[in-house]
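Architecture at a glance
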Amino acid sequence: MIRKLPPHIVHQIAAGEVVERPASALKELIENALDAQAKKISIEYSEGGLHRLQIDDDGHGISASELPLAFEAHATSKLRDFDDFMTLKSYGFRGEALSALGSVSDLQIWTSTADETLGSLGRVNYGVSDAVKPTDKRLGTQVLVTDLFARHPARLKFMKSVRSETQALQQVFRRYALAMPEMAWAILDQQSQKEIRLSPSSRLDRTLWFFDGEDSEQWFSANGEEDLIHVEVLALKPKHFGKVRSGLQFFLNGRPIRDSSLEFSLRRAYEGFTLEPRSLAAVVYIQAPPSIFDVNVHPMKSEVRFLNADKIFSLIVRTVRDSLQSLHLEGVFEPVLSRSFAIDSPPRVEAATDLSRAVTVAEQLVQPMPVARSLENSSLPHHQSREGLQLGLIPDLVSKFKFLGSLDHTYIVAERDQALYLFDQHALHERVLYEELLQFYKDQKSIPSQRLLFPIPVLLQNAEKLVEHEEVLESLGFEMRLWNDGKVQIVAAPAILKRGYDLVLHKLAECRELPIETLTREVLSTVACHSAVRAHDRVCDAEVERLLKSFSSQDALGHCPHGRPTFIRFEVRDLEKQFQRVV
Ligand code: ADP
Ligand code: MG
């Protein structure tokens, strides 16, 4: 028999979607406090929040006359009509949380506003509300949720252990505390009496706390802006990977969000700068006008839909890559930088106070200095040369590699600035090709293509989907023919590609849903890989010289696009240690 459910049951079922477990109640209540402009939020709980969950804030409170409304479904002070969605700045807007909590727990709220002389207490006990009572005046609002789901054995059964509910509560707390470092936060577990108290601090200090890091020097921050979108990234420098816990946190206008393509774009930004992308630790704060995204997608509101996702992704990639590039440059070309700065800009005080660096500079100064001379002769004004160096645009400043020979037709042996370099010829070639392709693509919006003498048949699933992306295919140098029987032939391909045509196309197919920036990088790095010489290939000296030249004239080429190192460097000092000339 089909029966219509009584309204209170319908309500309870709906409540379960907003409040799944204590942690989701905590999230809603924190957001209410944030919407009330609180500067301090204190939380107490017992039994993972299932028995008791209490949130205190110092926000603007609710007036006695409005309190009964706050408990009603779809009652909100934050959204009036649909157009408000476009300008919405608040966390809440559905007016569901309090009414949902009131139907599945014993919910009490003590609150008062600045202009009231008394406070008020409102209560809803499993859907039955009491009349609002006057109480003492207080600053802000206290919400107490008792015995959540106690009358809903079916839902209680789904609750995990007290331990995992506790963990989930702590996780919510940690993420919001990281989202809003300028606020004071506290959380107390009434059973273990464990308490965390955080006073207002900077984003960097809060980030260190979040990742259990201690040394702020291990982190860098990068800022980027475009069309009213601002991103700030705080991230662990790649050479310190593994020293703190790993993880990625994203905040959009102060709201913690999860988005796999945002994560992907951040990981992408590290491409070539690390071998262990899994050890990444970073926080990304995005500030964007509400009109460019939609948070109403998921009932928990942790997912968003960006209207122009590509733009945000590429802003993140660019911002992070620019910083990584200059960090990397400092690491790889440090002696050169130190010397040129020593001549050009005396007030590089950090260099003198940093002991290890002071020694390098001193050591360098007793050696012949081709770099110094070229800088002295240079007519570049100071600020320009400095900027140029950071971008790696002044090839002359970096002295040339001397090619010494090749080992096993796999490793290139070279010398520069009293250091010995061993290059992996495949990785080096791949990296150089990749940078060249990327540059070409940036300038021309396409890469050189060549018609094939004989079309190559390829086996591709979803070939027709790929062929639909004709423009993208073409800009990446491909031209394809799709036969009626579903067979595909490659008619033209990137001119430099030597093999692996099908693998490049598979990559394209695999990435076709990704933002165009990421897709291009993926495909170009695959093209570079299948075009580069391999281990044991015989490469003529002239070609090796050309590679070394491109290498020294380009920035940050310490890794192949997949992140394997391109070279290993031995300083004279390393050799002296090996030969036990020094200890
Ligand atoms: P929403 O947040 O979507 O508006 P809620 O059910 O969470 O819906 O809250 C209903 C209303 O109660 C809010 O619109 C707000 O006016 C008021 N409110 C809830 N919590 C607080 C608080 N901590 N401080 C001040 N006002 C609050
Ligand atoms: Mg709310």
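**A look at the packing of helix α18 (residues 501–511) against helix α19 (residues 516–531)**
Across the interface, α18 lies against α19 with an axial gap of 9 Å and an inter-helix angle of 165°. Viewed along their axes, α18 and α19 adopt a mutual orientation that is roughly antiparallel. Crossing angle aside, the handedness with which α18 passes α19 is right-handed. Each of Leu-503, Val-504, Lys-507, Leu-508 and Cys-511 in α18 lies in contact with α19, whose residues at this interface are Leu-519, Glu-522, Val-523, Thr-526, Val-527 and His-530. Classifying every residue of the contact of α18 with α19 by side-chain character gives 7 nonpolar, 2 polar and 2 charged.

**Looking at the pattern of salt bridges**
By the definition in use, this model includes 21 salt bridges. The partner of Glu-195 in a salt bridge is Arg-197, with the nearest N and O atoms 3.4 Å apart. Here Glu-195 falls in the partly exposed class, since its relative accessible area comes to 42%. Take Arg-197: its relative accessible area is 58%, and that puts it in the exposed class.

**Description of the sheet that holds strand β20 (residues 449–458)**
Pairing is antiparallel in the open sheet, where 3 strands are placed in the order β20-β22-β21. Strands with a single pairing partner mark the edges of an open sheet, and in this sheet they are β20 and β21 (479–482). Neighbour to neighbour, the strand axes of the sheet diverge by 15° on average, direction disregarded. Note: β20 against strand β22 (residues 488–494), 6 bridges, orientation antiparallel. In the strand pairing of β22, Pro-457 is matched with Gln-489. Across the face of the sheet, α18 comes into contact with β20, β21 and β22 while running at roughly 90° to β20.

**Here's the deal with the side chain of Ser-265**
Its location among the elements puts Ser-265 in helix α8 (residues 260–269). In this structure Ser-265 comes out as buried when scored by relative accessible area, which is 2%. With near-sequence residues (within four places) excluded, Ser-265 lies in contact with Phe-313, Ile-316 and Val-317.

**Overview of the packing of aromatic side chains**
Under the counting rule described, the total for this entry stands at 11 aromatic pairs. A ring pair is formed by Phe-210 and Phe-211, whose centres lie 5.1 Å apart and whose planes are at 70°; its orientation type is edge-to-face. The exposure class of Phe-211 is buried, given its relative accessible area of 1%. Three or more aromatic residues link up through ring pairs in this structure, and these residues are Trp-209, Phe-210, Phe-211 and Trp-219. Cation over ring: Arg-174 sits above Phe-210, and NZ or CZ is 4.5 Å from the ring centre.

**Details of the sheet that holds strand β23 (residues 567–571)**
In spatial order, the strands read β17-β18-β19-β23; together these 4 strands make up an open sheet with antiparallel pairing. Only two strands of the sheet have a single partner each, and these edge strands are β17 (402–407) and β23. Each adjacent strand pair in this sheet contributes to an overall mean axis angle of 20°, direction not counted. In this structure, strand β18 (residues 411–416) lies alongside strand β19 (residues 419–424), joined through 6 bridges in antiparallel fashion.

Rules of the game
- For every chain, the first residue of the written sequence is number 1, and numbering continues from 1 onward in sequence order.
- Just so you know, chain letters begin at A and ligand numbers begin at 1, following the order they were written in.
- Selection of residues for local features in this predicted model requires a pLDDT of at least 70, selection of side-chain atom pairs for listing and counting requires 80 or more, and totals for whole chains, interfaces and linings are taken over all residues.
- Hydrogen atoms and water are omitted, and side-chain values are computed over all heavy atoms in the structure.
- Throughout, an axis means a line fitted to C-alpha atoms (over the contacting stretch in the case of helices), and angles, computed between N-to-C directions, take values from 0 to 180 degrees.
- Counting from the N terminus, the helices are the DSSP runs of H or I reaching at least four residues and the strands are the DSSP runs of E reaching at least two.
- Note on angle classes: values under 35 degrees are labelled roughly parallel, values over 145 roughly antiparallel, values of 65 to 115 roughly perpendicular, and the remainder oblique.
- It is the rotation of the near helix from the far one that decides the hand of a crossing: anticlockwise by less than a right angle makes it left-handed, clockwise makes it right-handed.
- Throughout, a contact is declared for two residues whenever any of their heavy atoms are within 4.5 Å.
- Classes in brief: Ala, Val, Leu, Ile, Met, Phe, Trp, Tyr, Cys and Pro nonpolar; Asp, Glu, Lys and Arg charged; the others, Gly included, polar.
- The rule for a salt bridge is simple: a side-chain nitrogen of Lys or Arg has to be within 4 Å of a carboxyl oxygen of Asp or Glu.
- To sort residues, take the accessible area from a 1.4 Å probe on protein chains only and compare it with the maximum for the residue type: under 20% means buried, over 50% means exposed, and anything in between is partly exposed.
- If DSSP finds at least two bridges between two strands, the strands pair.
- Pairing of aromatic side chains here covers Phe, Tyr and the six-membered ring of Trp, requires ring centres within 6.5 Å, and sorts the geometry by plane angle: under 30 degrees stacked, over 60 edge-to-face, intermediate tilted.
- Lysine and arginine charges are scored as sitting over a ring when NZ or CZ, respectively, is within 6 Å of the ring centre and within 35 degrees of the ring normal.

The values are spatial; any link to function lies outside them.
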